[in-house]
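Here's the letter readout for the chains.
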Amino acid sequence: MIWDAVESARITKFDNVKHNLAERGIEIEYLVDCFYHSGLKTLVVVAGTSGGNLRLLTVGKEILHPVGTLNGGHGSTVRCLQWDNTTESLLTGGEDGMLCLWTKDGKMEEVPKERPKRECRKSHTDKVQKKMQRMKLHHTTKPYHKLDNSGSTTTDKA
């Protein structure tokens with residue numbers, strides 16, 4: 001169902017989407033999400049297959065219209081997406097651990113999995129270590145050890 005969130009009214013309803021699209025030769029297995037495309041001035045539904053292929057479908061009054069296919073980015077089920085109206089790009093994330101950035105000309109770019117390494121300033125590291133020493137943070141795996149007032153461990157004999 002498609003709802004008007006402002007008016008709290010149902011706009012349209014699509015029964016058995018998978019079957020109805022299959023009758024028109026469009027194979028999908030699930031619906032991922034939808035987004036509003038300001039350039040097309042319509043709602044776009046993204047559907048997928050377990051192989052990672054995606055279909056873009058615009059919402060008509062009584063029917064979903066296929067407008068595009070995104071293949072070759074994912075190797076398994078796509079679970080999430082984010083549309084950017086400014087750049088007209090689509091970011092998708094799948095069970096294969098991939099993030100794919102699809103541009104308006106249909107090209108796909110793999111988003112790097114590794115984050116850039118952050119460098120820790122030595123002065124910050126020293127401050128943290130000194131603060132931990134002042135707090136006398138001691139870690140132990142034995143719950144029956146206590147710290148006395150001097151910071152030494154004592155055995156609790158219960």
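Our structure's up above, just so we're on the same page.
Here is a short report on the structure shown in this document. (Residues numbered from 1 in each chain as written. Predicted model: local features only at pLDDT ≥ 70, side-chain atom pairs only at ≥ 80, totals over all residues. Heavy atoms only, no water.)

The geometry of an aromatic ring pair is captured by the separation of the ring centres together with the interplanar angle, meaning the angle of the planes. Evaluation of the coordinates by the stated rule reveals 1 aromatic pair. Considering the side-chain rings of Phe35 and Trp83, the 4.6 Å spacing of their centres and the 15° angle between planes classify their relative orientation as stacked. One end of the pair, Phe35, is in strand E3 (residues 30–37); the other, Trp83, is in strand E7 (residues 78–84), with 48 residues separating them in the sequence. Each of the two residues, Phe35 as well as Trp83, counts as buried. (Phe/Tyr/Trp six-rings, centres within 6.5 Å; stacked < 30°, edge-to-face > 60°. Helix = DSSP H or I, 4+ residues; strand = E, 2+ residues; numbered from the N terminus. Buried < 20%, exposed > 50% of the residue type's maximum accessible area, 1.4 Å probe, protein only.)

Moving on, we come to the pattern of salt bridges. Throughout the structure, instances matching the rule amount to 2 salt bridges. The partner of Lys13 in a salt bridge is Asp15, and the shortest N-O contact between them spans 3.6 Å. Relative accessible area serves as the criterion here: at 39%, Lys13 is assigned to the partly exposed category. When the shortest N-O distance is used, the salt bridge between Arg79 and Glu95 registers 2.6 Å. Here Arg79 is found in strand E7, whereas its partner Glu95 is found in the loop between strand E8 (89–94) and strand E9 (99–102), with 16 residues between them in sequence. (Salt bridge = Lys/Arg side-chain N within 4 Å of Asp/Glu carboxyl O.)

Moving on, we come to the nonpolar core. Counting 15 residues, the largest nonpolar core has Val32, Phe35, Val46 and Leu90 as its most contacted members. For this core, the secondary-structure elements that each account for two or more residues are E3, strand E4 (42–48), strand E5 (54–59), E7 and E9. Residues in contact with Val46, not counting those within four places in the same chain, are Leu31, Val32, Asp33, Phe35, Leu54, Arg55, Leu56 and Leu81. Core analysis: the next-biggest nonpolar cluster, separate from the first, contains 11 residues, Phe14, Leu21, Ile26 and Ala47 among them. (Core = buried A, V, L, I, M, F, W, Y, C linked by side-chain atoms within 4.5 Å. Contact = heavy atoms within 4.5 Å.)

What follows is about the pairing of E5. For E5, the buried fraction is high: 5 of the 6 residues fall into the buried class. Of the pairings in the sheet, the one linking E4 to E5 comprises 5 bridges and is antiparallel in character. Bridge pairing in E5 places Val46 opposite Leu56. The antiparallel hairpin formed by E4 and E5 contains 5 residues in its connecting segment, where Gly52 sits at a positive phi of about 95°. (Pairing = 2+ DSSP bridges.)

Moving on: the environment of Val46. Its place among the elements puts Val46 in strand E4. Given a relative accessible area of 0%, Val46 falls into the buried group. As a C-alpha pair, Val46 and Pro66 span 20 residues in sequence and 9.8 Å in three-dimensional space.

Any link to function would need more than the numbers given here.
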